[in-house]
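# Structural features, examined
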Amino acid sequence: MLFTGSTVFAQSFYEMSFYFKDIDNPKNIIRYQAFFLLNDDGTGMMRIRYIDPKPENDWLLDCELTQGFAMDKKNQYDYSKMYYAGKNLIAIAGDVKGEDFPPIYFWFKYNGANDEYEPWAVMSKDEKEKWVEGVIEGRIRLLGDEDLTENLILTYFTKEEEIYKNLFATNIRALTPEEKKSKMYFLVVADTDDEQIGPDCLKDKEKQLAYFKKIADKLEIGFIPSELSGKELNRNKLLQRIDAINPTKNDIVIFHYSGHGYSKNDNREFPI
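Just so it is clear, the model here is predicted, and its values are computed rather than measured.

## Quick word on the overall build of the protein chain
Of regular secondary structure, the protein chain possesses four helices and 11 strands. Here the protein chain holds 272 residues, and the buried ones make up 35% of them. Residue pairs in contact within the protein chain that sit at least 24 positions apart in sequence constitute 50% of those at least 6 positions apart. Working note: accessible area of the protein chain is about 17700 Å², and carbon and sulfur atoms make up 50% of it.

## Digging into the packing of aromatic side chains
Applying the stated criterion across every chain yields a total of 24 aromatic pairs. Geometrically, the ring pair formed by Phe-35 and Phe-157 is edge-to-face, given 5.4 Å between the ring centres and 90° between the ring planes. Pair noted here: Phe-35 is in strand S2 (residues 29-39) and Phe-157 is in the loop between helix H1 (150-156) and helix H2 (162-169), with a separation of 122 residues, a long-range link. Over the aromatic face of Tyr-19 sits the side chain of Arg-31, whose NZ or CZ is 5.1 Å from the ring centroid.

## Some remarks on the pairing of strand S8 (residues 131-143)
Successive residues of a regular strand alternate their side chains across the two faces of the sheet. Taken together, the six bridges between strand S1 (residues 11-21) and S8 define a ladder with antiparallel strand orientation. Note on S8: the bridge partner recorded for Phe-13 is Leu-143. With four bridges joining them, strand S7 (residues 116-125) and S8 adopt antiparallel strand pairing. Residue pairing for S8: Lys-125 is matched across the bridge by Trp-131. Where S7 hands over to S8, the hairpin turn is made up of five residues, of which Glu-129 adopts a positive phi near 65°.

## Thoughts on the sheet that holds strand S11 (residues 252-258)
With parallel pairing, three strands are arranged side by side in an open sheet as S10-S9-S11. Two strands bound the open sheet, and with one partner strand each, they are strand S10 (222-229) and S11. In this sheet, neighbouring strand axes are inclined to one another by 15° on average, regardless of whether the strands run parallel or antiparallel. Looking at chain direction, strand S9 (residues 183-190) and S11 are connected through seven bridges and run parallel. If you follow Met-184 over to S11, its bridge partner there is Ile-252. Sheet strands touched by helix H4 (residues 235-243): S9, S10 and S11. Its angle to S10, the strand with the most contacts, is close to 170°.

## Focus: the nonpolar core
Ranked by size, the top nonpolar core spans 23 residues in total, and within it Phe-18, Phe-36, Met-46, Ile-48, Ile-104 and Phe-106 carry the most contacts. Sorting the residues of this core by element identifies S1, S2, strand S3 (43-50), strand S4 (59-71), strand S5 (77-93), strand S6 (104-111) and S8 as the ones contributing at least two each. Core analysis: the second largest hydrophobic core is formed by 12 residues, Met-45, Leu-152, Ile-153 and Ile-163 among them.

## Observations concerning the pairing of S6
Here S5 runs beside S6; their pairing, made up of six bridges, is antiparallel. From the neighbouring strand, Ala-85 faces S6, where its bridge partner is Tyr-105. Where S6 meets S7, seven bridges bridge the pair, whose relative direction is antiparallel. Bridging from a neighbouring strand, Lys-109 pairs with Glu-118 of S7. Count of turn residues in the S6/S7 antiparallel hairpin: four residues, of which Asp-115 carries a positive phi of about 55°.

## Points about a nonpolar patch on the surface
Taken together, Leu-239, Ile-242, Phe-255 and Tyr-257 make up a surface patch of nonpolar side chains, about 340 Å² in accessible area. Elements represented by at least two residues in the nonpolar patch include exactly H4 and S11. Locating Leu-239 in the fold gives a position in helix H4.

## So, the sheet that holds S6
Ordered by their spatial adjacency, eight strands build a closed barrel running S1-S2-S3-S4-S5-S6-S7-S8, and the pairing between neighbours is antiparallel. The average angle at which neighbouring strand axes cross in this sheet is 30°, direction not considered.

## Describing the pattern of salt bridges
Using the criterion set out here, one finds 17 salt bridges in the structure. Linking Asp-115 and Lys-203 is a salt bridge whose minimum nitrogen-to-oxygen distance equals 2.4 Å. Placement of the pair is Asp-115 in the loop between S6 and S7 and Lys-203 in helix H3 (residues 198-219), with a sequence separation of 88 residues. Overall, Asp-115 belongs to the partly exposed group, its relative accessible area being 37%. Classification of Lys-203 by relative accessible area gives partly exposed; the value is 43%. A salt bridge links Arg-141 to Asp-147, with the nearest nitrogen and oxygen atoms 3.5 Å apart. Each member of the salt-bridge network shares a partner with another, and the members are Glu-15, Arg-141 and Asp-147.

Rules and cut-offs
Residue numbers here run from 1 along each chain, matching the order of that chain's written sequence. The predicted nature of this model means local features are confined to residues of pLDDT at least 70 and side-chain atom pairs, given and counted, to a pLDDT of 80 or more, with totals for whole chains, interfaces and linings taken over all residues. Processing note: side-chain calculations cover all non-hydrogen atoms of the structure and skip hydrogens and water entirely. To qualify as a helix, a DSSP run of H or I must reach at least 4 residues; to qualify as a strand, a run of E must reach at least 2; elements of each kind are numbered from the N terminus. Only protein chains enter the area calculation, which uses a 1.4 Å probe; residues under 20% of their type maximum are buried, those over 50% are exposed, and those in between are partly exposed. Any two residues whose heavy atoms approach within 4.5 Å at even a single point are treated as in contact. In these tables, accessible area is a Shrake-Rupley quantity obtained with a 1.4 Å probe, and a residue counts as shielded only by the protein chains included in the view. A pair of aromatic rings is counted whenever rings of Phe, Tyr or Trp (Trp by its six-membered ring) have centres within 6.5 Å, and the orientation is called stacked for planes under 30 degrees apart, edge-to-face for over 60 and tilted otherwise. The rule is short: NZ of Lys or CZ of Arg within 6 Å of the ring centre and within 35 degrees of the ring normal puts a charge over the ring. Note on pairing: two strands pair once DSSP finds at least 2 bridges between them. Every axis in this analysis is a line fitted to C-alpha atoms, fitted for helices over the stretch in contact. Angles between the N-to-C directions lie between 0 and 180 degrees. Note on terminology: a nonpolar core comprises buried Ala, Val, Leu, Ile, Met, Phe, Trp, Tyr and Cys residues joined through side-chain atoms within 4.5 Å. Surface patches are defined over residues having more than 30% relative accessible area and no salt bridge, joining like charges when they lie within 9 Å and nonpolar side chains (Val, Leu, Ile, Met, Phe, Trp, Tyr) when within 5 Å. Take a side-chain nitrogen of Lys or Arg and a carboxyl oxygen of Asp or Glu: if they are within 4 Å of each other, that pair is a salt bridge.

Read these as layout, nothing more, since geometry by itself doesn't imply function.
Here it is in structure tokens:
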């Protein structure tokens, strides 16, 4: 699930706080903490913890996240408003049942000045199936490696879960001098000139280069990147770049493509 070698998409980790007002007693504010894992493909997972003054009332929930966008009055996507929906909650700890909790939606608004989506609101339903608006407190905190402390992880996970074992309970063998002679070949192909998705492809290309270089540095092996984008992107040059990679049996080869898909059935001409 987390921190595994089979992970397909780059992962980012976030922490945030939010609250709802008690319907029966509006002065009573019910606060929650949440840990997010978001993948580049718009999927993810979340842990929600409610911490009560009485420890025996604490509980922890888990759910998957799915990205979506608002619809305007013409029933078209409004990409200035994005949400992550958490449904089918599962109880991990505490005297609660996951099925007793309704879906929860975290909304974000696009800020053109910062070129990013910023926290806007959190929505859920009450016992009468009416929408209730909560409040996201402050900014969502992007977590780096230094933030993933044992104390933080144990706020949202148990010692029996893989994320804890991978970070704190597993002895990872260092590579031998011979293994450190291995190299990581990374070929990234991005359709950066496309009018619609070009800017996002450019960001994706840069992010993936940094991500896999970090892995190579962690392994202490050589990193050999190759990029193909912009006006150079075509089938012949792509095949040339692939042919230029001559790995040994101990090397790592990674191919990453960011751009349009295409179908032979509708005569579309993507990729070039």
